[in-house]
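Each chain, letter by letter, is given below.
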Amino acid sequence: MKRIDITIAVNGRAHRQAVEPRTTLVDFLRDGLRLTGTHTGCEHGVCGACSVLLDGEPVRSCLMFAVQADGRQVTTVEGLAPAPGELSVLQDAFWETHAMQCGFCTSGMLIAAQALLNRTLEPTRETIVEAIGGNLCRCTGYQQIVEAIELAAERLRAANIPNPVARP
């Protein structure tokens, strides 16, 4: 099959690769770039485990072809951290509130939460529930996840610092 050259900026770094047109974005990230934080779950866009930010908006990377992301900005869960070995405020809040158990949904939940926090640092409980509503978790019952997002929003408001992942 003919391969197509694409360039995608992933977590702030441009990656140029030749891919088959049928390569999904999640496969490009996991297999092509070895960024395994984005999980392959249902492969039907239902569970949210494969969520990434595409130009700042959450998308299901299992439903997109990599060629559709050519020339675009992708942020994976790895890109939420300010530096290697560090946690973002949101990731730290998830850790502190025990907002994960098996961890399979965590990357998608973090991406959905980051997209919400990029829009507002004053989310209501209802907007948080709505923002993560497309992500399935079978372990936590969602309560700690909601609490983690509330805690992260509170800390970001108190810090009064620009969000490094937020769109300009």
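Structural data are supplied above this passage.
**Looking at the overall build of the chain**
Thought 1: Broken down by element type, the chain carries five helices and five strands.
Thought 2: From first element to last, N terminus to C terminus, the chain shows the α and β order β-β-α-β-β-β-α-α-α-α.
Thought 3: The C-alpha radius of gyration computed for the chain amounts to 16 Å, which stays within 12% of the reference 15 Å derived for 168 residues, consistent with globular compactness.
Thought 4: The principal-axis extent of the C-alpha atoms belonging to the chain is close to 50 × 35 × 25 Å.
Thought 5: Within the chain, the proportion of its 168 residues that are buried is 43%.

**Side note on helix H3 (residues 106–119)**
Thought 1: Taking 1.5 Å per residue, 14 residues should reach 20 Å; H3 reaches 20 Å between its end C-alpha atoms and fits that length.
Thought 2: Extensive coverage of H3 is indicated by the burial of twelve of its 14 residues.
Thought 3: Every buried residue of H3 is listed here: Thr106, Ser107, Gly108, Met109, Leu110, Ile111, Ala112, Ala113, Gln114, Ala115, Leu116 and Leu117.
Thought 4: Those residues of H3 hidden inside the fold are in contact with strand S3 (51–54), strand S4 (57–60), strand S5 (73–75), helix H2 (89–96), helix H4 (125–132) and helix H5 (143–159).

**As for the environment of Leu151**
Thought 1: Relative to the helices and strands, Leu151 is located in helix H5.
Thought 2: Sequence separation between Leu151 and Asp92 is 59 residues; the distance between their C-alpha atoms is 9.6 Å.
Thought 3: For Leu151, the contacting residues outside a window of four places in its chain are Ala93, Glu96 and Thr97.

**Brief notes about the pattern of salt bridges**
Thought 1: Counting across every chain of the model gives six salt bridges.
Thought 2: A salt bridge links Asp55 to Arg72; its shortest N-O distance comes to 2.6 Å. Here Asp55 is found in the loop between S3 and S4, whereas its partner Arg72 is found in the loop between S4 and S5, with 17 residues between them in sequence.
Thought 3: The salt bridge partner of Asp92 is Arg155, with a shortest N-O separation of 3.2 Å. Within this pair, whereas Asp92 is found in helix H2, its partner Arg155 is found in helix H5, the two being separated by 63 residues in sequence.
Thought 4: Shared partners join several salt bridges into a network, and the residues in it are Asp92, Glu96 and Arg155.

**Here we look at unusual backbone geometry**
The bulk of non-glycine residues show a negative phi, and the bulk of peptide bonds are trans.
Thought 1: Backbone geometry places Asn11, a non-glycine residue, at a positive phi of 55°.
Thought 2: You can see Asn11 is positioned in the loop between strand S1 (4–10) and strand S2 (13–19).
Thought 3: Positive phi values are uncommon outside glycine, yet Arg34 reaches one of about 60°.
Thought 4: The residue Arg34 is located in the loop between helix H1 (25–32) and S3 in this model.
Thought 5: Using a relative accessible area of 62% as the deciding quantity, one classes Arg34 as exposed.

**Quick word on the environment of Pro82**
Thought 1: Note on placement: Pro82 falls in the loop between S5 and H2.
Thought 2: It is 23 Å that separates the C-alpha atoms of Pro82 and Ile132, two residues lying 50 residues apart in sequence.
Thought 3: Among residues more than four places away in sequence, those in contact with Pro82 are Leu87 and Ser88.

**With respect to the state of the cysteines**
In protein structure, a disulfide is the covalent linkage between the sulfur atoms of two cysteines.
Thought 1: Inspection of every chain in the model, using the stated rule, returns zero disulfides.
Thought 2: Free of any disulfide, Cys139 has its nearest neighbouring cysteine sulfur in Cys102, separated by 3.7 Å.

Thresholds, definitions, all that
Residues numbered from 1 in each chain as written. Predicted model: local features only at pLDDT ≥ 70, side-chain atom pairs only at ≥ 80, totals over all residues. Heavy atoms only, no water. Helix = DSSP H or I, 4+ residues; strand = E, 2+ residues; numbered from the N terminus. Rg over C-alpha atoms; globule rule 2.2 N^0.38 Å. Buried < 20%, exposed > 50% of the residue type's maximum accessible area, 1.4 Å probe, protein only. Expected span 1.5 Å × (residues − 1). Contact = heavy atoms within 4.5 Å. Salt bridge = Lys/Arg side-chain N within 4 Å of Asp/Glu carboxyl O. Disulfide = S-S within 2.5 Å.

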